[in-house]
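Listed here are the chains, written in short residue letters.
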Amino acid sequence: MYDVLRASYRFHCPCQPAGERTYVPLSAFRRLERLPGAAHPAVYQVEYGCRCGDSHSGLVAHSDLDYGPLGQVETEFRNLLTGRSERVGGEMAELARMQVQRGNWPWCLYCAEEARLMPVYPSCLLLVLPHEDAADMIGVAMRCPGCGHTSVNLVSQPHLDVPFYHDPVVRYLERRYGDERDLTIEQFHDQLHSSSFDVERSRFPGA
Ligand SMILES: [Zn+2]
Ligand SMILES: [Zn+2]
């Protein structure tokens, strides 16, 4: 489900032949919703902007969504020096484990309610939209895993897509939304483009 070399989730694009996959990084997610009912595992519905130009939606299990980027996967890399394919899944999982031990969490976003950067999981995302005027900047509405309140951040694409990479400063709206029902996608779009953002310096060691 998650491709560590592409840092993307694999989904099916209906415009492509059956069996063909499309690769979707977190910054191409648009809306994430936990489906009621399913609990073991929980299932999320993801609306995403596909490379074909359309939006589609797909389902992803909680474990794939949050732990796929950190788990051990069987992936091979063609070593051009030796001409052999080498397995690197274990090595990459080890690198991820060392980063977490150093206190560097793969993703962090700012919680306006608690006034601090929080370690978050992909399942904390609610809405994601590229900023129309700031190249490569992505607006994110997230539900804080600590307090449950919703905050709006403006981050670079790698901040979201590359686990363990963090922007030196994270921009956020000094505004509290309560829970996610207080923020529609239209409001999110308007506030992303009409508000001025505050900044918080990222304090994770990898930043
Ligand atoms: Zn598509
Ligand atoms: Zn919080």
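Because the structure is predicted, anything quoted here is derived from the model rather than measured.

A. Expanded view of the coordination of the zinc ion (ligand 1). The zinc ion (ligand 1) binds to the protein through C13 (SG), C50 (SG), C52 (SG) and H56 (NE2), with metal-donor distances spanning 2.1 to 2.3 Å. The coordination sphere of the zinc ion (ligand 1) comprises four donor atoms, whose angles at the metal cover 104 to 115°; the geometry is tetrahedral. All donors of the zinc ion (ligand 1) belong to a single chain; written as a sequence motif, their spacing is C-x36-C-x1-C-x3-H.

B. Local environment of the coordination of the zinc ion (ligand 2). The coordination sphere of the zinc ion (ligand 2) contains the protein donors C111 (SG), E114 (OE), C144 (SG) and C147 (SG), at a distance range of 1.9 to 2.3 Å. Geometry at the zinc ion (ligand 2) is tetrahedral, judged from the four donor atoms that bind it and their angles of 97 to 123° at the metal. On the primary sequence, the residues serving as donors to the zinc ion (ligand 2) are separated as C-x2-E-x29-C-x2-C.

C. Representation of the pattern of salt bridges within the structure. Per the stated rule, a full pass over the model turns up five salt bridges. When the shortest N-O distance is used, the salt bridge between R6 and D3 registers 2.8 Å. Under the relative-accessibility criterion, R6 is labelled partly exposed at 48%. Classification of D3 as buried rests on a relative accessible area of 10%. Between R10 and D3 there is a salt bridge, with the nearest N and O atoms lying 3.5 Å from each other. Accessibility expressed as a relative area gives 27% for R10, which makes it partly exposed. Connected via shared salt-bridge partners are D3, R6 and R10.

D. Region of the structure containing the nonpolar core. One finds F11, F29, L125 and V140 to be the most contacted residues of the largest nonpolar core, which totals 38 residues. Contributions of two or more residues to this core are made by β2 (8-12), β4 (29-39), β5 (42-49), β9 (108-111), β10 (116-119), β11 (125-130), β12 (137-143) and β14 (169-172). Ignoring any residue separated from it by four or fewer positions in sequence, one finds V140 in contact with L109, L125, L127, S151, V152, N153, V155, L160 and F188. Ranked by size, the runner-up nonpolar core spans 13 residues in total, among them L126, L154, L192 and F197.

E. Expanded view of the sheet that holds β2. Spatially, β1-β2-β3 is the arrangement adopted by the three strands of the open sheet, whose pairing is antiparallel. Only two strands of the sheet have a single partner each, and these edge strands are β1 (2-3) and β3 (21-24). One ladder, built from four bridges, connects β2 with β3; its direction is antiparallel. Across the sheet, Y9 pairs through a bridge with V24, a residue of β3.

F. Examining empty space enclosed by the protein more closely. As enumerated under the stated definition, the model contains two cavities of 30 Å³ or more in all. Estimates place the volume of the largest cavity at around 60 Å³. If you go around the largest cavity, the residues you meet are L26, W107, C108, L109, V120, Y121, P122, L125, H159 and L160. Listed by contribution, the elements that provide at least two residues to the lining of the largest cavity are β9 and α3 (157-161). In the lining of the largest cavity, the residues fall into nine nonpolar, one polar and no charged.

G. Representation of the environment of R102 within the structure. Looking at the secondary structure, you find R102 in the loop between α2 (89-101) and β9. Residue R102 is classed as partly exposed on the basis of its relative accessible area of 49%. Expressed as a C-alpha distance, the spacing of R102 and V46, which sit 56 residues apart in the sequence, is 31 Å.

H. Inspection of α2 at higher detail. Between its terminal C-alpha atoms α2 stretches 19 Å, which fits the 18 Å expected from 13 residues at 1.5 Å a residue. Those residues of α2 that fall on the buried side of the exposure criterion are G89, A93 and A96. Taken end-on, α2 shows its buried residues confined to a sector of 60°, consistent with a single buried face. Facing away from the buried side of α2, by more than 90 degrees, are the exposed residues E91, L95 and Q101.

Definitions and limits used
Residues numbered from 1 in each chain as written. Chains lettered and ligands numbered in written order. Predicted model: local features only at pLDDT ≥ 70, side-chain atom pairs only at ≥ 80, totals over all residues. Heavy atoms only, no water. Donors = N, O, S within 2.8 Å, 3.2 Å for Na, K, Ca; no water. Tetrahedral: all angles 85-135°; square planar, octahedral: opposite > 155°, others 65-115°. Salt bridge = Lys/Arg side-chain N within 4 Å of Asp/Glu carboxyl O. Buried < 20%, exposed > 50% of the residue type's maximum accessible area, 1.4 Å probe, protein only. Core = buried A, V, L, I, M, F, W, Y, C linked by side-chain atoms within 4.5 Å. Helix = DSSP H or I, 4+ residues; strand = E, 2+ residues; numbered from the N terminus. Contact = heavy atoms within 4.5 Å. Pairing = 2+ DSSP bridges. 1 Å grid on protein atoms, 1.4 Å probe; cavity = no way out; pocket = protein on both sides within 12 Å on 5 of 7 lines; lining within 4 Å. Points joined across faces, edges and corners; volume = space filled by probe spheres on them. Nonpolar A, V, L, I, M, F, W, Y, C, P; charged D, E, K, R; others polar. Expected span 1.5 Å × (residues − 1). Arc of directions from axis to C-beta.

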